[in-house]
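This is what each chain is made of:
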Amino acid sequence: MTQPLYSLNGARPALPPAKLRLPNGRWRTAPYTEADLTAAGYELEPAKPAYDPATERLDWQDGNWTVESLPPRDPVYRPLTKLEAMTLFRHITGMDDAGELAMREDPAIKLLWMKWETDVPQSIRREHAVVGIFLDGLIAADYATTEHKAAMLAAWPQEG
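Draft legend 1. Structural view of the overall build of the chain. Each helix and strand counted, the chain has 6 helices and 8 strands in total. Helices and strands appear in the chain in the N-to-C order β-β-β-α-β-β-β-β-α-α-α-β-α-α. In terms of overall size, the chain is more extended than a compact globule, its C-alpha atoms giving a radius of gyration of 31 Å where 160 residues would be expected to give roughly 15 Å. Along the first, second and third principal axes, the C-alpha set of the chain runs to 90 × 30 × 25 Å. Out of the 160 residues belonging to the chain, those deemed buried represent 26%. Within the chain, contacts between residues at least 6 apart in sequence are counted, and of these 49% link residues at least 24 apart. The chain carries 17 positive and 23 negative side-chain charges, and their two centres are separated by 10 Å.

Structural data, given as structure tokens:
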């Protein structure tokens, strides 16, 4: 059985102190009677309201329990392989095999492709700078648009 909690002057409920000073100036040690606690200004904790800890937070304000919604969590994106990232890019842009081949053979972005093949890890996180750099390079070479980039980043799969 848990001990009841008490609030003093609207403070967050807690266990009563080890020593309690009564209004007549005398000190009393636990166990206390309800009359001792009331005389010293302690109030029994009000009942906690029902809440969902997954989406809400229980707080104490101005002598009362309050329930507030938790802020939305930042999404966690799962890493993609290079193949998955390229498949997502092709899906977003509507590019076919011929378009990808033409893009890979374009001398204007040859260095970009070389870096993609050699410098980019096999598992790519959405937050990795190389994703933006690569997409910006494809935009500059007219193989994608800023709308494609935004759509690809929005469609990047989340974990869970």
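Draft legend 2. Main features of empty space enclosed by the protein. Evaluation of the coordinates by the stated rule reveals 1 cavity of 30 Å³ or more. Quantified by volume, the largest cavity comes out at close to 70 Å³. Lining the largest cavity we find A85, M86, F89, W116, V131, F134, L135, M152 and W156. Among the elements of the structure, α2 (82-93) and α5 (129-140) are those that each provide at least two residues to the lining of the largest cavity. Considered class by class, the residues forming the lining of the largest cavity number 9 nonpolar, no polar and no charged.

Draft legend 3. Main features of the layout of surface pockets. In this structure, the largest pocket encloses a volume near 190 Å³. Every residue along the wall of the largest pocket is listed here: Q3, P4, Y6, L15, P16, P17, A18, A30, P31, Y32 and L37. Tallied by class, residues from the lining of the largest pocket come to 10 nonpolar, 1 polar and no charged.

Draft legend 4. Broad picture of α5. If you check α5, its first and last C-alpha atoms are 17 Å apart, about what 12 residues at 1.5 Å a residue would give, namely 16 Å. Its buried side turned inward, α5 meets α2, α3 (97-105), α4 (110-118), β8 (123-124) and α6 (146-155). D142 occupies a position one or two residues after α5 and carries a positive phi of about 65°.

Draft legend 5. Structural context of the packing of α5 against α6. Orientation of α5 relative to α6, taken along the N-to-C sense of each, is 150°, at an axis distance of 9 Å. By the angle between their directions, the pair α5 and α6 is classed as roughly antiparallel. By crossing handedness, the relation of α5 to α6 is classed as right-handed. On α6, the residues touching V131, G132, L135, D136 and I139 of α5 are T146, K149, M152 and L153.

The rules behind each value
- Residues numbered from 1 in each chain as written.
- Predicted model: local features only at pLDDT ≥ 70, side-chain atom pairs only at ≥ 80, totals over all residues.
- Heavy atoms only, no water.
- Helix = DSSP H or I, 4+ residues; strand = E, 2+ residues; numbered from the N terminus.
- Rg over C-alpha atoms; globule rule 2.2 N^0.38 Å.
- Buried < 20%, exposed > 50% of the residue type's maximum accessible area, 1.4 Å probe, protein only.
- Contact = heavy atoms within 4.5 Å.
- Lys, Arg positive; Asp, Glu negative; His and termini not counted.
- Charge placed at Lys NZ, Arg CZ, Asp CG, Glu CD.
- 1 Å grid on protein atoms, 1.4 Å probe; cavity = no way out; pocket = protein on both sides within 12 Å on 5 of 7 lines; lining within 4 Å.
- Points joined across faces, edges and corners; volume = space filled by probe spheres on them.
- Nonpolar A, V, L, I, M, F, W, Y, C, P; charged D, E, K, R; others polar.
- Expected span 1.5 Å × (residues − 1).
- Axes fitted to C-alpha atoms, helices over the stretch in contact; angles between N-to-C directions.
- Parallel < 35°, antiparallel > 145°, perpendicular 65-115°, else oblique.
- Left-handed = near helix turned anticlockwise from the far one by under 90°.

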